[in-house]
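Chains, contacts and geometry: an overview
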Amino acid sequence: MRRPFIAGNWKMNTTVEEAAALVSSMIGDLNNETAVDIVLCPPFISFYRISETIEGTSVRLGAQNMYFKEKGAYTGEISPLMLKPLCQYVILGHSERRQIFGETDGMVNEKIKAALAAGLTPIFCIGETLEENDGGRTGTVITRQIREGLKDVPSNKEIVVAYEPIWAIGTGRAAAGGQAGKTIGLIRSEIAGMLGKEKAEATRILYGGSVTAANIAEFISEPQIDGALVGGASLKAADFTGIVKQVASIKAAP
Ligand code: 13P
């Protein structure tokens, strides 16, 4: 059985004060949901403040990005070694990093390997554009992203995968649960081909893209979908805790 996993990707939102207030407003509710792994991914600048608030709870921190080098002349970047004492997870290969900042499959692969070597768990994001989806190329794109992203990655370390169709991100147009479940099934079999069936069965694969408290049940009811990577709705305490609570009750049901 894969433990359900919900991560909130805050993207470039919240000042330190706003971040601290948001976490304080939901930490009690989140800490009650022991059947779900919960990860908050705020901007780096709020890490210290938030780590004080979540200390002693079951909620974990994740970064939204990192560079793959350990240190050096890389202005503006953060390294795996810097993250390791502060958080357990790191989102890598998000479509906004790929599209706006030009990250390639090769760079994402370097980052995944560096994160694993440093003892961080990557949340590896993949997903197709609207054009690729309309053209029936979802399978081809996903397969390429997995094969290149997970190239030479060890099979004995944990990786969380997030399937985020780009057309569903921030658009209010979520994928249909069944369709997302089917694509995630394909992702799992691709992982099995690369890292072995046992690893694929143990790997948690999330859906992301316009997830809300109103539609999470549709996704989490799919046997292939182990949780969600939530953007906009993770910035609202009632919505995010509502999502986590539904995941706990649906996945806990026999
Ligand atoms: P939204 O939930 O705002 O669509 O964002 C999804 C996302 O990109 C999470 O990483």
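Preceding block: the structure.
**Considerations on the site of the ligand**
In the region of the ligand, the neighbouring residues are Asn-9, Lys-11, His-94, Glu-164, Ala-168, Ile-169, Gly-170, Gly-209, Ser-210, Leu-229, Gly-231 and Gly-232. Between the ligand and the protein, one listed contact pairs an oxygen atom with a side-chain N or O atom of Lys-11 at 2.8 Å. Burial of the ligand by the surrounding chains reaches 94%, relative to a free accessible area of 310 Å². Within the shell around the ligand, the residues separate by chemical class into three nonpolar, seven polar and two charged.

**Re the packing of helix α7 (residues 138–149) against helix α8 (residues 177–195)**
As a packed pair, α7 and α8 sit with axes 10 Å apart at the nearest point and diverge in direction by 35 degrees. Crossing of α7 against α8: the hand is right-handed. Listed contacts from α8 to Thr-138, Gly-139, Ile-142, Thr-143, Ile-146 and Arg-147 of α7 are Thr-183, Leu-186, Ile-187, Glu-190, Ile-191 and Met-194. For the contact of α7 with α8, the residue count by class is six nonpolar, four polar and two charged.

**A look at the side chain of Asn-215**
Assignment of secondary structure puts Asn-215 in the loop between β7 (205–208) and α10 (216–220). Note on Asn-215: relative accessible area 16%, which makes it buried. Within polar-contact distance, the side chain of Asn-215 engages the backbone nitrogen of Thr-212 at 2.8 Å. If we ignore the near neighbours within four places in the chain, the residues touching Asn-215 are Ala-174 and Ser-210.

**Quick notes on the packing of aromatic side chains**
Applying the stated criterion across every chain, the model contains five aromatic pairs. Ring plane angle 45 degrees and centroid distance 5.1 Å describe the contact between Tyr-67 and Tyr-74, whose orientation is recorded as tilted. One aromatic cluster is present, formed by Tyr-67, Phe-68 and Tyr-74 through successive ring pairs. Positioned above the aromatic ring of Phe-101, the side-chain terminus of Arg-97 is 4.2 Å from the ring centre.

**Concerning unusual backbone geometry**
A positive phi angle is found at Thr-14, which is not glycine, with a value near 80 degrees. If you trace the backbone, Thr-14 turns up in the loop between β1 (5–9) and α1 (16–32). Among the residues examined, Thr-14 registers a relative accessible area of 23% and is labelled partly exposed. Within the chain, Ser-210 stands out as a residue other than glycine whose phi angle is a positive 60 degrees. By secondary structure assignment, the location of Ser-210 is in the loop between β7 and α10.

**Topic: the sheet that holds strand β5 (residues 121–126)**
Strand pairing in a sheet is mediated by backbone hydrogen bonds. Such pairs are either parallel or antiparallel. On the basis of which strands lie adjacent, the closed barrel formed by eight strands has the order β1-β2-β3-β4-β5-β6-β7-β8 and parallel pairing. Within the sheet, the average angular offset between the axes of one strand and its neighbour, ignoring direction, is 25 degrees. Docked against the sheet, α7 engages β5 and β6 (160–163), running at close to 150 degrees with respect to β5.

**With respect to the pairing of β5**
Burial analysis of β5 places six of its six residues in the buried class, the great majority of the element. The alternating pattern of β5 places Thr-121, Ile-123 and Cys-125 and Pro-122, Phe-124 and Ile-126 on opposite faces, both of which are buried. Of the strand pairs in this sheet, strand β4 (residues 89–92) and β5 are connected by four bridges, and their pairing is parallel. Paired with Leu-92 across the strands is Phe-124, a residue of β5. Pairing between β5 and β6: four bridges, direction parallel.

**A few points about the pattern of salt bridges**
Using the criterion set out here, one finds 16 salt bridges in the structure. Here Arg-2 and Glu-201 are joined by a salt bridge, their closest N and O atoms 3.6 Å apart. On the criterion of sequence distance, the pair formed by Arg-2 in the segment before β1 and Glu-201 in helix α9 (residues 197–202) is long-range, its members being 199 residues apart. On the accessibility criterion, Arg-2 (18% relative accessible area) is buried.

**Description of α1**
Spanning 17 residues, α1 covers 25 Å between terminal C-alpha atoms, matching the ideal 24 Å at 1.5 Å per step. In the structure, α1 departs most strongly from a straight axis at Met-26, where the bend amounts to approximately 45 degrees. Where α1 is concerned, the buried positions are Ala-19, Ala-20, Leu-22, Val-23, Met-26, Ile-27 and Leu-30. Check the buried side of α1 and you find it contacts β2 (37–41), α2 (47–54) and α11 (237–252).

What counts, and at which threshold
Residues numbered from 1 in each chain as written. Predicted model: local features only at pLDDT ≥ 70, side-chain atom pairs only at ≥ 80, totals over all residues. Heavy atoms only, no water. Near = heavy atom within 4 Å. Polar contact = N/O pair within 3.5 Å; in protein donor to acceptor, adjacent residues only side chain to side chain. Areas by Shrake-Rupley, 256 points an atom, 1.4 Å probe, with all protein chains shown as cover. Nonpolar A, V, L, I, M, F, W, Y, C, P; charged D, E, K, R; others polar. Axes fitted to C-alpha atoms, helices over the stretch in contact; angles between N-to-C directions. Helix = DSSP H or I, 4+ residues; strand = E, 2+ residues; numbered from the N terminus. Left-handed = near helix turned anticlockwise from the far one by under 90°. Contact = heavy atoms within 4.5 Å. Buried < 20%, exposed > 50% of the residue type's maximum accessible area, 1.4 Å probe, protein only. Phe/Tyr/Trp six-rings, centres within 6.5 Å; stacked < 30°, edge-to-face > 60°. Lys NZ or Arg CZ within 6 Å of the ring centre and 35° of its normal. Pairing = 2+ DSSP bridges. Salt bridge = Lys/Arg side-chain N within 4 Å of Asp/Glu carboxyl O. Expected span 1.5 Å × (residues − 1). Bend = angle between axes of the 7 residues up to and from the residue.

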